[in-house]
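Each chain, written out:
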Amino acid sequence: KTLTEFYKIMDDLELEYCDIIFKNHTFNSFEEINEKCNEYFKNNMVEGIVIRDENCYFSAKLMNLEYDSKK
């Protein structure tokens, strides 16, 4: 299954899922992912952002290092 199919099933079942932050964005390096996520964290106090590829072969969570200290 792809992420698109996953989100359709979730919508059909009226189930909640995490907000999609960077839709259809291609990252070229870990540094680029880290920079983009940390920029988002500056204005959004969230625990982290899950990064996935469209085919769900790769999934990782980039943690917001400030999150625990601000609770």
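Up top is the structure these notes are about.
Residues numbered from 1 in each chain as written. Predicted model: local features only at pLDDT ≥ 70, side-chain atom pairs only at ≥ 80, totals over all residues. Heavy atoms only, no water.

Thoughts on the overall build of the chain
The following threshold applies: Numbered from the N terminus, helices here are DSSP runs of H or I no shorter than four residues, and strands are runs of E no shorter than two. Here's how the labels work: a residue is buried when its accessible area is under 20% of the maximum for its type, exposed when over 50%, partly exposed in between, all with a 1.4 Å probe on protein chains only. Note on contacts: a residue pair qualifies if any of its non-hydrogen atoms lie within 4.5 Å across the two residues.
When you go through the chain residue by residue, the secondary structure sums to three helices and two strands. For the chain, the sequential pattern of α-helices and β-strands runs α-α-β-β-α. Taking the principal axes of its C-alpha atoms as reference, the chain extends roughly 35 × 30 × 15 Å. For the chain, buried positions account for 17% of its 71 residues. Within the chain, residue pairs in contact and separated by at least 24 positions form 27% of the contacts whose partners lie at least 6 positions apart.

Structural notes on the nonpolar core
Which entries qualify depends on this criterion: Grouping buried Ala, Val, Leu, Ile, Met, Phe, Trp, Tyr and Cys residues that are joined through side-chain atoms within 4.5 Å yields what is termed a nonpolar core.
By size, the foremost hydrophobic cluster in this structure holds seven residues: Phe 27, Ile 33, Cys 37, Phe 41, Ile 49, Ile 51 and Leu 62. Of all elements in the fold, only α2 (30-43) and β1 (48-52) reach the threshold of two or more residues within this core. For this core, the element with the highest residue contribution is α2, accounting for three residues. The contacts of Leu 62, once residues within four sequence positions are left out, are Phe 30, Ile 33, Asn 34, Cys 37, Phe 41, Gly 48 and Ile 49.

Topic: α2
Rules: The span one expects for a helix is its residue count, reduced by one, times 1.5 Å. Summarising the geometry, the arc corresponds to the directions from the helix axis toward the C-beta atoms.
Look at α2: 21 Å from first C-alpha to last across 14 residues, which is about the 20 Å you get at 1.5 Å a residue. Taken together, the buried positions of α2 are Ile 33, Cys 37 and Phe 41. Buried residues along α2 cover an arc of 65° about the axis, so they all sit on one side. Residues of α2 that are exposed and angled more than 90 degrees away from the buried face: Glu 31, Glu 35, Lys 42 and Asn 43. Tucked inside the fold, the buried residues of α2 contact β1 and β2 (59-63).

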